[in-house]
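# Observations on chain architecture
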Amino acid sequence: MKRVMTIGGSDCSGGAGIQADIKTFSALGVYGTSVIIAVTAQNSSGVQAKHEVPVELVESQIQSIMSEASGKGITVDYAKTGMLYSSAMIETVAKHLKRHKIPFVVDPVMKAGSGGILLADNALNTLVKLLLPICEVVTPNVPEASFISGLEIWDKEDVKDAAVKIHELGASAVIIKGGHLTHETAAGKATDLIYDGEFEELSGEYIKPKKGKIIHGAGCSFSAALTAELAKGENLRHAAASAKKFVHDAIAGGEELSNMIVLNQARELRKNADRYFVLENVKEAVRKLKSIPDFKRLIPEVGTNIGMAIEGAESERDVAAVAGRILPIHAKEVTHAETVDFGASSHVARMILAMMAMTGGKNIRSAINIKYSVQIIDACKRAGLVISSFEREHEPTGVKTMDWGVREAIRNLSSEGQRRRQVPDVIYDLGAVGKEPMTRIFGDTALEVASKVNKIMDALE
Ligand code: PXL
């Protein structure tokens, strides 16, 4: 694994600074070390207190990480700097980065999103003089680029001028982030500009925070992601594009903490892990169903399907099910099922998405459709399942049957069931002209649904 080092301030809120960097490093598969130059106390209303770490202790941290000679150190492939606060700190950090010949990214942090000062007035000069000439790339936002270049920035042409100026000041590459260019963001765009002797625009979607909310930690996460990608050997343009997408996704999946929106750097990882879990779970459930003796008895004319959704599923593509349904094989005891895939069944997906929309916090993410008969419903009762139903003749025109049916079935629960805030395990309907009657079994996972089916079979006389 590549190893990286962040040099910056601790943000106790966990949204920015060293904390955001370490989360980003982990999510992108590099090993993160950290050199803390200051501790800040902050939350959504601002920076309440800060205290610099003595310069000698900062030196010691870098030496401990970099002590190759003793063979006991860690050493790193790449570094980044964030909040550095004072001239003295910048001098020390520059000296050590140079001595150890570590390639690094400078995030020229000046202010917290909530307004606190993270770079002393007289320190900007030192940063420009000592860090820019030896860094690989500097990543200012628009206000920072304006301070560094001394130019006013209103539009994309001004951004170009500032980038050229900052390049002249010694940075071999400059990325000016566009999240503060109001006429761009108003149009839903966040366009970053790369300049390393040649210009390249990186376009992207601007995610507008809700009124009164501020996004906290995007800049730190961007420069940390850039550092991780550069450490892995990506070229600057690819690294910047990956970092931009990473930050976009982390903001899209962000958490609201009072008036801050903090990034969820692990969102894409968690989503993919959940997709794998869901796929395996449905496959295992299908194997289990196929092993139930006489399972064929429960398969309706239209066939059976079982599905499961990822957490926070939004569409049919987030629900895995059996491609082409589970069907009986004529004159044999066994049943046939093709592969399991996301988006394989819109029918089963609609019942699950409807149930998830109705029960939000309850974590019900899976369902199967089986045959309806009085005996099957009796078996459901004997198996101790909570049962409800809807009647298709009451279905209004223009609704999606399952959206309406699930809502209706929850409303139709017995008053006892309602009082105990139960959610039905079983929803059946008696069909209509051209519509086969149907029973649906719901559960948290596909495996749980399969074991409910098993119980129903056991209870079937
Ligand atoms: O986003 C820049 C930043 C860097 N470092 C620390 C911070 C912030 C923003 O709040 O708190 C410690």
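Scroll up a little and you will see the structure.
Overview of the structure.

Cut-offs applied
Residues numbered from 1 in each chain as written. Predicted model: local features only at pLDDT ≥ 70, side-chain atom pairs only at ≥ 80, totals over all residues. Heavy atoms only, no water. Helix = DSSP H or I, 4+ residues; strand = E, 2+ residues; numbered from the N terminus. Buried < 20%, exposed > 50% of the residue type's maximum accessible area, 1.4 Å probe, protein only. Phe/Tyr/Trp six-rings, centres within 6.5 Å; stacked < 30°, edge-to-face > 60°. Lys NZ or Arg CZ within 6 Å of the ring centre and 35° of its normal. Axes fitted to C-alpha atoms, helices over the stretch in contact; angles between N-to-C directions. Parallel < 35°, antiparallel > 145°, perpendicular 65-115°, else oblique. Left-handed = near helix turned anticlockwise from the far one by under 90°. Contact = heavy atoms within 4.5 Å. Nonpolar A, V, L, I, M, F, W, Y, C, P; charged D, E, K, R; others polar. Pairing = 2+ DSSP bridges. Core = buried A, V, L, I, M, F, W, Y, C linked by side-chain atoms within 4.5 Å. Near = heavy atom within 4 Å. Polar contact = N/O pair within 3.5 Å; in protein donor to acceptor, adjacent residues only side chain to side chain. Areas by Shrake-Rupley, 256 points an atom, 1.4 Å probe, with all protein chains shown as cover. Expected span 1.5 Å × (residues − 1). Right-handed = clockwise from strand over helix to strand, strands pointing away.

Let us now look at unusual backbone geometry. Leave glycine aside and you will find that most residues have negative phi; peptide bonds, for their part, are mostly trans. The phi angle at Thr75 is positive, at roughly 60 degrees, despite the residue not being glycine. Tracing the backbone shows Thr75 in the loop between helix H2 (55–66) and strand S4 (78–81). On the accessibility criterion, Thr75 (23% relative accessible area) is partly exposed. The backbone phi angle of Arg325 is positive, close to 70 degrees, even though this residue is not glycine. What makes Arg325 partly exposed here is its relative accessible area of 33%.

A few words on the packing of aromatic side chains. Under the counting rule described, the total for this entry stands at three aromatic pairs. Their ring planes at 80 degrees and their centres at 5.6 Å tell us that Phe390 and Trp404 sit as a pair that is edge-to-face. Note that Phe390 is positioned in the loop between strand S19 (387–389) and helix H13 (401–411) and Trp404 in helix H13, a separation of 14 residues in sequence. Among the residues examined, Phe390 registers a relative accessible area of 2% and is labelled buried. Taking NZ or CZ as reference, Lys160 lies 5.0 Å from the ring centre of Phe199, over its face. When the ring centre of Phe342 is taken as reference, the NZ or CZ atom of Arg275 above it lies at 4.1 Å.

Where helix H8 (residues 218–231) meets helix H9 (residues 236–252), the closest approach of the two axes is 8 Å, and the angle between their N-to-C directions is 140 degrees. When the interaxial angle is binned, H8 and H9 end up oblique. Viewed along their axes, H8 and H9 form a crossing whose handedness is right-handed. In this structure, H8 contributes Ala218, Ser221, Phe222, Ala225, Leu226, Glu229 and Leu230 to the contact, and H9 contributes Leu236, Ala239, Ala240, Ser242, Ala243, Lys244, Phe246, Val247 and Ile251. Across the contact of H8 with H9, the residue classes tally to 12 nonpolar, two polar and two charged.

What follows concerns the environment of Glu311. Mapped onto the fold, Glu311 is located in the loop between strand S13 (306–309) and strand S14 (319–322). When its relative accessible area of 52% is taken as the criterion, Glu311 is described as exposed. The sequence separation of Glu311 and Lys177 amounts to 134 residues, and the corresponding C-alpha distance is 32 Å. Discounting residues that sit within four places of it in the chain, Glu311 has contacts with Asp274 and Arg365.

Moving on to the sheet that holds S13. Overall, mixed pairing links the seven strands, which are arranged S17-S14-S13-S18-S21-S20-S19 in an open sheet. Two strands close off the open sheet at either side, each with one partner strand: strand S17 (340–342) and S19. On average, each strand axis in the sheet is inclined to that of its neighbour by 20 degrees, with strand direction left out of account. When S13 meets S14, the two strands line up antiparallel, connected through three bridges. Pairing of Ala309 across the sheet is with Val319, part of S14. Contacting S19, strand S20 (426–429) and strand S21 (438–443), H13 runs over the sheet at an angle of about 130 degrees to S19.

Our next topic: the nonpolar core. Here is a general trend for soluble globular proteins: nonpolar side chains tend to be buried in one another's company. One finds Val282, Leu289 and Ile306 to be the most contacted residues of the largest nonpolar core, which totals 60 residues. Tallying contributions element by element places helix H11 (residues 346–359) first for this core, with eight residues. Within the second largest apolar cluster, 50 residues are counted, among which are Met110, Leu132, Cys135 and Ala162.

As a structural note, the neighbourhood of the ligand is formed by Gly9, Ser10, Asp11, Ala16, Gly17, Gln42, Met83, Val109, Ala112, Leu118, His216 and Cys220. Take Gln42: an N or O atom from its side chain is 2.5 Å from an oxygen atom of the ligand. Protein contacts shield 93% of the accessible area of the ligand, which totals 310 Å² for the unbound molecule. A total of three residues in the shell around the ligand trace back to one element, the largest contributor, which is strand S1 (residues 3–11). Among the residues making up the shell around the ligand, the classes are represented as six nonpolar, five polar and one charged.

Since one α-helical turn is 3.6 residues long, residues separated by three or four positions face the same way. Relative to the 24 Å expected for 17 residues at 1.5 Å per residue, H9 spans 24 Å between its end C-alpha atoms, a close match to the ideal helical length. Among all positions of H9, only Leu236, Ala239, Ala240, Ala243, Lys244, Phe246, Val247, Asp249, Ala250 and Ile251 are buried. The backbone nitrogen of Arg237 lies 3.1 Å from a side-chain oxygen of the residue at the head of H9, namely Asn235.

Let's shift gears to the pairing of S13. By the alternation rule, side chains of S13 split into Ile306 and Met308 and Gly307 and Ala309, which are all buried. Two elements, S13 and strand S18 (residues 366–371), share three bridges in a ladder whose sense is antiparallel. From the neighbouring strand, Gly307 faces S18, where its bridge partner is Ala367.

Two strands pair when backbone bridges link them, and S1 and strand S2 (residues 31–43) are joined in this way by nine bridges, in the parallel orientation. Paired with Ile7 across the bridge in S2 is Val35. The parallel pair S1 and S2 is bridged by helix H1 (residues 17–27), and the resulting crossover is right-handed. Bridge count for S2 against strand S3 (residues 46–52) is six bridges, and the pairing is antiparallel.

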